[in-house]
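In case you want the letters, here they are:
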Amino acid sequence: MTIDRAGINALMEITSRPELVFVSGQGAWLQDHNGKRYLDFIQGWAVNCLGHNPAAMVEAVTRQAQKLINPSPAFYNQPSIDLAKRLVEASCFDRVFFANSGAEANEGAIKLARKWGQLHRKGAYKIITFDHSFHGRTLATMSASGKPGWDVKFAPQVDGFPKADLNDLDSVRALIDDQTVAVMLEPVQGEAGVIPATREFLQGLRELTREHGLLLIVDEVQTGMGRTGRMFAYQHAGIEPDIMTLGKGIGGGVPLSALCAREAVCCFEHGDQGGTYNGNPLMTAVGVAVFDVLAAPGFMDGVNARAQQLSAGLTALSDKWGMRGERGLGLLRALVMDRDDGPALVAAARDRAPEGLLLNAPRGNLLRFMPALNVSADEIDTMLAWLDALVAQVRG
């Protein structure tokens, strides 16, 4: 099959894409227009939590598409009710608002916190976020993010997001003033290089925010829905945040996200929040199917077993090649290398023959691994063996 050059030229240029077109996928594998297969350890940046084209999702979207796709968010629909109930019962939150992307959910969290500040903290609006954090690509979520260089893109930024240092409680305390309404963080900073917030830091942050009457917001767009070996990453620390956002894995590959909050924080008035497609039955029916797979007995045991296997394998690889170790939580992990050959390894892995390997390098000296949560032990072993050979190839 030849690539449709006119079609490619019709797409807006936003990133450098390789000369291949993916046409099908199953589980941990993708296939391109030439029939070449690729072992996928990116999975849409932790989106495809059940891999490509899982039967439960295919069945759910097919069944729901034959019944009702979108009655408008001005009315209730059963799949959104079913998914909201599941999320509430599995978490410490009381209410859910469904959206279409992680950035949209985070925008909703920012709006909700500011509304709460208007009502309960004399108009306080500042939300302390963290250096190197990533909360999305809208103007507000880019301003909330601490990704280097984003303070000058599309300037001026949205005001009100002072930056603290992850795992440094004193840096947070120093930023609190009478205009502060909340603290917002990722339990694991993914784009920054898979850097987990420690249990002690999260517990201290919960105590600090309660002491000052502030909200605690956890951005679980990447870490939620089983990615870390618990349904939600905040559960590892034994805390109860006030607001949580979900995305990526909640839809398993379809556009779905969620803003979850405790009842005491739910202060939106009618008209404050909405969205044309938000909570439509087609997407939320898929969300129900995904949730039920993740919540099935033994599923998280499998995630944790594969996480231990991947961690051990990456550690062994690091030791063999004199690298700087691995880190992460659950099946969101990173290999920290001793040199900046991450992009070269990504390219070599993709070009590997007869079968390719899809990897991600968010930093020059780092590879990030986000396989499907139901990845097999054999697939992890295959990836590790291929990666070992690729390091030898790239390093000569």
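Thresholds applied
- Residue indices follow the written sequence of each chain, beginning from 1 at its first position.
- Local features are withheld for residues below a pLDDT of 70 in this predicted model, meaning they are given only at 70 or higher, and side-chain atom pairs are given and counted only at 80 or more; totals for whole chains, interfaces and linings count all residues.
- Each side-chain value is worked out from all heavy atoms of the structure, with water and hydrogens disregarded.
- For every residue, the predictor states its confidence as a pLDDT score lying anywhere from 0 to 100.
- Only DSSP runs of H or I reaching four residues or more are called helices, and only runs of E reaching two or more are called strands; each is numbered from the N terminus.
- Strand pairing requires that DSSP identify at least two bridges connecting the strands.
- The contact criterion used is simple: two residues touch if any of their non-hydrogen atoms lie within 4.5 Å.
- To obtain an axis, a line is fitted to C-alpha atoms, over the contacting stretch when the element is a helix, and the angle between two such axes runs from 0 to 180 degrees between their N-to-C directions.
- Among the buried residues, those of types Ala, Val, Leu, Ile, Met, Phe, Trp, Tyr and Cys that are joined through side-chain atoms within 4.5 Å form a nonpolar core.
- When a residue's accessible area, from a 1.4 Å probe over protein chains only, is under 20% of the maximum for its type it is buried; when over 50% it is exposed; and in between it is partly exposed.
- Here a salt bridge means any side-chain nitrogen of Lys or Arg lying within 4 Å of a carboxyl oxygen belonging to Asp or Glu.

Draft legend 1. Up close: the confidence of the model for the chain. Counting all residues, the mean pLDDT for the chain is 97, and 100% of those residues have values of 70 or more. Of all helices and strands in the chain, the one with the weakest mean pLDDT is helix 1 (residues 5-10) (92), whereas strand 10 (residues 215-220) scores best (99).

Draft legend 2. Just the pairing of strand 3 (residues 37-40), in detail. Across three bridges, the pairing between strand 2 (residues 29-32) and strand 3 is antiparallel. Bridge pairing in strand 3 links Leu30 to Tyr38. Linking strand 2 to strand 3, which pair antiparallel, is a turn of four residues; within it Gly35 sits at a positive phi near 90°. As paired strands, strand 3 and strand 15 (residues 356-358) are joined by three bridges and run parallel to one another.

Draft legend 3. Region of the structure containing the sheet that holds strand 6 (residues 163-164). Sheet architecture is open: seven strands sit in the order 4-12-11-10-7-5-6, paired in mixed fashion. Two strands close off the open sheet at either side, each with one partner strand: strand 4 (95-99) and strand 6. Pairing between strand 5 (residues 126-130) and strand 7 (residues 180-185): three bridges, direction parallel. Residue Ile127 lies in a different strand from strand 7, and its bridge partner there is Ala182. In the packing of helix 4 (residues 78-90) onto the sheet, contacts are made with strand 4, strand 11 (243-246) and strand 12 (257-261), and the angle to strand 4 comes to roughly 130°.

Draft legend 4. How the structure looks around the nonpolar core. Residues Leu87, Leu185, Leu294, Phe369 and Leu387 are the most contacted members of the largest nonpolar core, which totals 77 residues. Setting aside chain neighbours within four positions, we find Leu87 in contact with Val96, Phe98, Met225, Phe232, Leu246, Ile250, Ala258 and Phe291. In terms of nonpolar packing, the next biggest core, distinct from the first, is built from 20 residues, Ala140, Phe161, Leu215 and Leu259 among them.

Draft legend 5. Spotlight on the pattern of salt bridges. A full pass over the atoms with the stated rule returns 18 salt bridges. Here Glu59 and Arg63 are joined by a salt bridge, their closest N and O atoms 3.3 Å apart. Taken together, the residues Glu59 and Arg63, both in helix 3 (residues 55-65) and four residues apart, mark about one turn of the helix. Glu191 is the salt-bridge partner of Arg368, the closest N and O atoms lying 2.9 Å from each other. Remark: Glu191 occurs in the loop between strand 8 (188-189) and strand 9 (195-196) and Arg368 occurs in strand 17 (residues 366-369); sequence separation between them is 177 residues. For the pair shown, Arg368 and Glu191 are each scored as buried. Three or more residues joined by partner-sharing salt bridges are found here, namely Asp338, Arg339, Asp341 and Arg395.

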